[in-house]
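# Descriptive analysis of the structure
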Amino acid sequence: MSAPSLANYITKRPWLKRWMMPLANWYADAAGYRKLGLRADDLIPEESDTVLLALKRLPPKEAYDRVFRLRRAFQCSLAHQLLPKDQQTKPEDDYAYLSPIIKEIEAESRERDDLEAMVVSKRKKAAEGH
């Protein structure tokens with residue numbers, strides 16, 4: 001899931017973030033998913049076990065809303081139409097709801113792997129004279 005990203009580098013530098021935000025907003029608008037009522041996290045492929053587990057951890061309301069958005073976008077795609085402006089996803093409504101859960105699951109997996117790879121050995125007894 002995780003790929004190399006410049007996002008952390010850019011967000012830590014306010015001047016660079018101010019310069020990049022118009023470009024990022026243009027790109028998100030040009031991608032067209034908001035015109036179908038989708039959010040960016042709706043585009044994450046469901047092919048990995050991590051994403052499937054994250055979907056199971058979603059609150060019921062968020063899971064229902066996600067399925068509704070995907071079905072509505074599919075219907076719009078079949079009809080070759082875009083949603084009316086009032087139903088399109090606004091930039092302030094396009095927040096990450098699935099990515100934080102995916103990051104949490106990846107962290108749990110790394111921690112589990114570290115714990116499973118840990119080697120536990122007994123300490124040698126101190127010298128009997130002490």
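Everything below is about the structure shown above.
A few points on the structure. All of these numbers come straight from a predicted model, not from anything done at the bench.

### Description of the overall build of the chain
The secondary structure content of the chain amounts to five helices and zero strands. Taken from the N to the C terminus, the helices and strands of the chain come in the order α-α-α-α-α. The C-alpha atoms of the chain give 22 Å as radius of gyration, which overshoots the globular expectation for 130 residues (14 Å, by more than 25%). A principal-axis box enclosing the C-alpha atoms of the chain has dimensions of 85 × 40 × 20 Å. Relative to its 130 residues, the chain shows a buried fraction of 25%.

### Overview of unusual backbone geometry
With a phi angle near 55°, His-80 is a residue other than glycine that sits in the positive phi range. Counting through the fold element by element, His-80 comes out in the loop between helix H4 (60-79) and helix H5 (99-117). On the basis of relative accessibility, which here comes to 75%, the residue His-80 falls in the exposed class.

### A short note on the pattern of salt bridges
Summed over all chains, the structure comprises eight salt bridges. Here Arg-34 makes a salt bridge to Asp-94, at a shortest N to O gap of 3.0 Å. Highlighted residues: Arg-34 in the loop between helix H2 (14-31) and helix H3 (49-57) and Asp-94 in the loop between H4 and H5, separated in sequence by 60 residues. Accessibility assignment for this pair places Arg-34 and Asp-94 in one class, buried. One salt-bridge network, in which partners are shared between bridges, spans Arg-39, Asp-42, Glu-62 and Arg-69.

### Some details on H4
Counted at 1.5 Å a residue, the expected span for H4 with its 20 residues is 28 Å, and the 29 Å between its end C-alpha atoms agrees. Buried within H4 we find Glu-62, Arg-66, Arg-69, Ala-73 and Cys-76. Looking straight down H4, one finds that the buried residues subtend no more than 95° of arc, so they occupy a single side. Opposite the packed face of H4, turned more than 90 degrees from it, sit the exposed residues Pro-60, Tyr-64, Arg-71, Phe-74, Gln-75 and Leu-78. Tucked into the core, H4 has its buried residues touching H3. Downstream of H4 by one or two residues, His-80 has phi in the positive range, about 55°.

### Some details on the environment of Trp-19
Along the chain, the position of Trp-19 falls in helix H2. Its relative accessible area of 61% is what places Trp-19 among the exposed residues. Considering only alpha carbons, one finds Trp-19 and Ser-5, 14 residues apart in sequence, at a separation of 17 Å.

About the thresholds
- Residues numbered from 1 in each chain as written.
- Predicted model: local features only at pLDDT ≥ 70, side-chain atom pairs only at ≥ 80, totals over all residues.
- Heavy atoms only, no water.
- Helix = DSSP H or I, 4+ residues; strand = E, 2+ residues; numbered from the N terminus.
- Rg over C-alpha atoms; globule rule 2.2 N^0.38 Å.
- Buried < 20%, exposed > 50% of the residue type's maximum accessible area, 1.4 Å probe, protein only.
- Salt bridge = Lys/Arg side-chain N within 4 Å of Asp/Glu carboxyl O.
- Expected span 1.5 Å × (residues − 1).
- Arc of directions from axis to C-beta.
- Contact = heavy atoms within 4.5 Å.

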